[in-house]
Amino acid sequence: MIKIKNISKSFNDKSILRNISGEFDKGKTNLIIGSSGTGKSVLLKCIVGLLHPDTGFAFYDLRNFTDADKEVKSEIRREIGMLFQGGALFDSKNVEQNVMFPLDILTKMPQDEKLDRVNFCLKRVGLENVNTKMASEISGGMKKRVGIARAIVNNPNYLFCDEPNSGLDPQTSILIDELIQEITHEFNITTIVVTHDMNSVLGMGEKIMFLYKGDKLWEGSNEDITHSGIKELDDFVFINKVMKNLKGNKLV
Amino acid sequence: MKEFGRYMLFLESLVVRRETFITYYRLVVDECMQIGVKSISLFVLVSTFIGAVTTVQTAYNLVTPLVPRYIISQVVREMTVLELAPTIMAIIFAGKIGSSMAGGLGTMRITEQIDALEVMGINSSSYLVLPKIIACILMYPGLVIFSGICSIVGGFIVGTLTDIITPTDYVLGLRSNFNDYSITFAMIKSFVFAFLIASISCFKGYYTKGGALEVGIASTEAVTSSVIAVLLADYFLANLLL
Ligand SMILES: Nc1ncnc2c1ncn2[C@@H]1O[C@H](COP(=O)(O)OP(=O)(O)O)[C@@H](O)[C@H]1O
Ligand SMILES: [Mg+2]
């Protein structure tokens, strides 16, 4: 479980996040949603420590990560896996080396054990026989899969995904979403996914935090997101005509 | 000035929270190979031609028979050791290696590869940049010596083939009035230039913000800034050490 408390962040006096608090549950896909530029990525970066929040803290199973000393921080970092928007695979390495990299850095595993683990993770994300392909040679969807494999290779307790399906076709998007959700349940991980994609929200939103221009306006699950009664959220959810009609006819 | 302060903080960040020695050893060897492979052909080409051209032009300017011909190779030698090899090559090095370092780091920044390293708890600046700087400092002086040899050989080939100077005179010129401090000076310059080029280029690349366009801007800026730094350092070192 990850808990955040009163996180605020501004850049050059421009306030991006204001007093965000909330909880993300273990074994669930927790979503942070909102339209582009509302500060979702900034919030995620504050949580994983890529940015230091101006105020507030992130607690990883009751351990204060934001103000932790070096040892505790690196201990928690070992338990974190992160999938970046474009995959963020290392260009200079091939698929196998990319997935193995966290093990090289964070563990003292012997080589054959590492290789087994890498192959297990690649298989888990549905990739086989691509070990020697360079990161630049594979498609966007495959990059995301390799990114997921790399994120889970060191058995994380916490998984973070920033827009896991941006730039993918709708079908691949859903496959990636499902993969993230399966892995979360299978390994009982606390997963936080940032997204603005309504398919993902409805598909995998077991617990949802809605951000609007730097404020948290709503929290709930995909079952009650359609009748929150909050105008900004309705504007976000019922984007197209079909959805609006649905709202008119059935849901409300 | 603010930029300079950030540069200093950047340099400081390189030496804190490091990985194991063996990790760096591998990375440095890797970078050295890349630097060598990328720059060697251009270095050979440029320095051989400059040596050759200097020979021809010095001969062209030596109209009076009162000056002995071996002066030609002495000029080639002095020019090579003092300016061509360390300084001119530094400018080429900045264009070739500096821009590719800045471009590479800039790409890693905008595609979040640097963030990915940070999330794993790696000090990305020291992991990515320190090996590059060390590799440059190790490789560049060698490249300078090598390009010095190329330049002198270039002069020799052209000078003897076109009957400007006899091989004996050329060698005589190379050996006359030789002050070996100029070699020391050239080596000091090489170390300083290598450090400046690598650190400034990495600094520019590492702090790239935005997209592909900014990566291009960062590599251009890396070349401009490091060339300026090299020329300034050249001037100060000459004042200080000659
Ligand atoms: N490092 C930074 N420096 C300055 N401004 C930033 C930085 N990172 C993000 N921002 C600004 O914060 C706002 C929110 O960005 P972001 O969290 O990326 O939005 P999104 O919700 O689309 O992920 C944007 O206006 C962006 O310009
Ligand atoms: Mg974002």
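Description of the structure in this document. (Residues numbered from 1 in each chain as written. Chains lettered and ligands numbered in written order. Predicted model: local features only at pLDDT ≥ 70, side-chain atom pairs only at ≥ 80, totals over all residues. Heavy atoms only, no water.)

What to know about the site of ligand 1
Residues and elements named next belong to chain A.
Link 1 in the chain: The full set of residues close to ligand 1 is Phe-11, Lys-14, Ile-16, Ser-35, Ser-36, Gly-37, Thr-38, Gly-39, Lys-40, Ser-41 and Val-42.
Link 2 in the chain: The contact in question runs from an oxygen atom of ligand 1 to an N or O atom on the backbone of Gly-39, over 3.1 Å.
Link 3 in the chain: Compared with its free state, where it exposes 560 Å², ligand 1 has 63% of that area covered by protein.
Link 4 in the chain: At the level of secondary structure, the elements contributing two or more residues to the shell around ligand 1 comprise strand S2 (14-24) and helix H1 (40-48).
Link 5 in the chain: If you tally residues by element for the shell around ligand 1, the top one is H1, at three residues.
Link 6 in the chain: In the shell around ligand 1, the residues fall into three nonpolar, six polar and two charged. (Near = heavy atom within 4 Å. Polar contact = N/O pair within 3.5 Å; in protein donor to acceptor, adjacent residues only side chain to side chain. Areas by Shrake-Rupley, 256 points an atom, 1.4 Å probe, with all protein chains shown as cover. Helix = DSSP H or I, 4+ residues; strand = E, 2+ residues; numbered from the N terminus. Nonpolar A, V, L, I, M, F, W, Y, C, P; charged D, E, K, R; others polar.)

So, the pairing of strand S8 (residues 190-195) of chain A
Residue and element names in this part refer to chain A.
Link 1 in the chain: For S8, a buried count of six out of six residues is recorded, marking the element as mostly surrounded by other parts of the structure.
Link 2 in the chain: The alternating pattern of S8 places Thr-190, Ile-192 and Val-194 and Thr-191, Val-193 and Thr-195 on opposite faces, both of which are buried.
Link 3 in the chain: In this structure, strand S3 (residues 29-33) lies alongside S8, joined through five bridges in parallel fashion. In the strand pairing of S8, Thr-29 is matched with Thr-191.
Link 4 in the chain: Looking at chain direction, strand S7 (residues 158-162) and S8 are connected through five bridges and run parallel. (Buried < 20%, exposed > 50% of the residue type's maximum accessible area, 1.4 Å probe, protein only. Pairing = 2+ DSSP bridges.)

A few points about the interface of chain A and chain B
Link 1 in the chain: Contact residues are listed per partner, giving 19 residues for chain A and 15 residues for chain B.
Link 2 in the chain: Taking both partners together, chain A and chain B bury about 1,400 Å²; carbon and sulfur atoms supply 67% of that area.
Link 3 in the chain: On inspection of chain A and its partner chain B, the count reaches one salt bridge.
Link 4 in the chain: Elements represented by at least two residues in the side of chain A that touches chain B include exactly H1, helix H2 (70-78), strand S6 (80-83) and helix H3 (95-106) of chain A.
Link 5 in the chain: Per-class residue counts for the side of chain A that touches chain B are twelve nonpolar, two polar and five charged. (Contact = heavy atoms within 4.5 Å. Buried area = accessible area lost by both parts, 1.4 Å probe. Salt bridge = Lys/Arg side-chain N within 4 Å of Asp/Glu carboxyl O.)

Quick look at the sheet that holds strand S9 (residues 207-212) of chain A
All names here are of chain A.
Link 1 in the chain: Here six strands make up an open sheet; going across it, the order is S6-S7-S8-S3-S9-S10 and the pairing mixed. Among the strands making up the open sheet, the edge pair consists of S6 and strand S10 (215-220). Ignoring strand direction, the axes of neighbouring strands in this sheet form an average angle of 15°.
Link 2 in the chain: Here helix H5 (residues 140-152) sits on the sheet in contact with S6 and S7, set at roughly 170° to S6. (Axes fitted to C-alpha atoms, helices over the stretch in contact; angles between N-to-C directions.)

Considering the pattern of salt bridges
Link 1 in the chain: Within this structure, the stated rule accounts for 20 salt bridges over all chains.
Link 2 in the chain: Salt-bridge contacts for Asp54(A) lead to Lys9(A); the nearest nitrogen and oxygen are separated by 3.7 Å. Separated by 45 residues along the polypeptide, Asp54(A) in the loop between H1 and strand S4 (55-60) and Lys9(A) in strand S1 (residues 2-11) bring together distant segments of the chain.
Link 3 in the chain: By relative accessible area, which is 44% here, Asp54(A) ends up partly exposed.
Link 4 in the chain: One salt bridge connects Arg6(B) with Glu3(B), and the closest N-O pair in it is separated by 3.9 Å. One end of the pair is Arg6(B) and the other is Glu3(B), both in helix H1 (residues 2-15) and three residues apart, which spans about a single turn.
Link 5 in the chain: Via salt bridges that share partners, Glu3(B), Arg6(B), Lys204(B) and Glu221(B) belong to a single interconnected network.

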